[in-house]
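Observations on the three-dimensional arrangement
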Amino acid sequence: MKLLHIDSSITGENSASRAISAAIVSALTTADPAIEVTRRDLAADALPHLTLDVLGAPEGTPELAEFLASDVIVIGAGMYNFTIPSQLKAWLDRVLIAGQTFRYTETGPVGLVGDKKVIVALARGGLYSEGNPSAAVEHAEKYLRAVLGFIGIDNPTFVVAEGLASGPEAREKAVAQALADAGTMAIPA
Ligand SMILES: Cc1cc2nc3c(=O)[nH]c(=O)nc-3n(C[C@H](O)[C@H](O)[C@H](O)COP(=O)(O)O)c2cc1C
């Protein structure tokens, strides 16, 4: 089994999403030491914005090949300006490729990569989960669910730590809960 571990937070050692994604990968590889992990750090090795050359490359991109070869993808992301980091968007621009991960049919678009499992570690400064006044402007989780669904991954798992900007105590509590959830993570059925 192949696992692709992606991080996109720019905050290095202080990153909550990196700590949570690492805890998820640790739980999965402890349960199954045979899992082969590939690491992609989109902050350390940022991909340029998409260009027509990259989009039209007949051989595809290494990022797409790496994604297609993976069974499980663990993605760490912080919410930046209400959505995902642009580093992660640049990666998604190389993964959502017509004819490879989705195709258009007479009855609409069809996702082509349904058998992959995706787990997202998402950190947010504010409170955006259902019931909060800001829920309507949550465009990180919603966007990821939309693009993953578009390529056929209907049920991504999210481990969310939110309210991290509400003070050290609130941050500690939210991150501890997310790390506890990450620590018991199994590959989703
Ligand atoms: C550039 C930047 C933009 C941010 N924008 C938002 C935002 O729109 N909403 C929010 O709730 N938090 C925002 N935050 C706070 C982050 O979501 C929060 O610090 C989170 O922990 C980031 O993930 P990380 O700890 O893995 O870096 C922002 C942080 C940064 C650095």
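Remember, predicted model here, so these are calculated numbers, not experimental data. (Residues numbered from 1 in each chain as written. Predicted model: local features only at pLDDT ≥ 70, side-chain atom pairs only at ≥ 80, totals over all residues. Heavy atoms only, no water.)

Re the pairing of strand β6 (residues 117-123)
With six of seven residues buried, β6 is to be regarded as a mostly interior element. Pairing analysis gives seven bridges linking strand β3 (residues 72-78) to β6, with the strands arranged parallel. Looking across to β6, one finds that I73 is bridged to V118. In the sheet, β6 pairs with strand β7 (residues 157-161) via five bridges, with the strands oriented parallel. If you follow L122 over to β7, its bridge partner there is V160. (Buried < 20%, exposed > 50% of the residue type's maximum accessible area, 1.4 Å probe, protein only. Helix = DSSP H or I, 4+ residues; strand = E, 2+ residues; numbered from the N terminus. Pairing = 2+ DSSP bridges.)

Considerations on unusual backbone geometry
Look at N81: it is not a glycine, yet its phi comes out positive at around 50 degrees. On the secondary structure map, N81 appears in the loop between β3 and α4 (86-95). Relative accessible area serves as the criterion here: at 72%, N81 is assigned to the exposed category. A positive phi angle is found at F82, which is not glycine, with a value near 75 degrees. Its place among the elements puts F82 in the loop between β3 and α4.

By themselves, these are just geometric observations and shouldn't be taken as functional.
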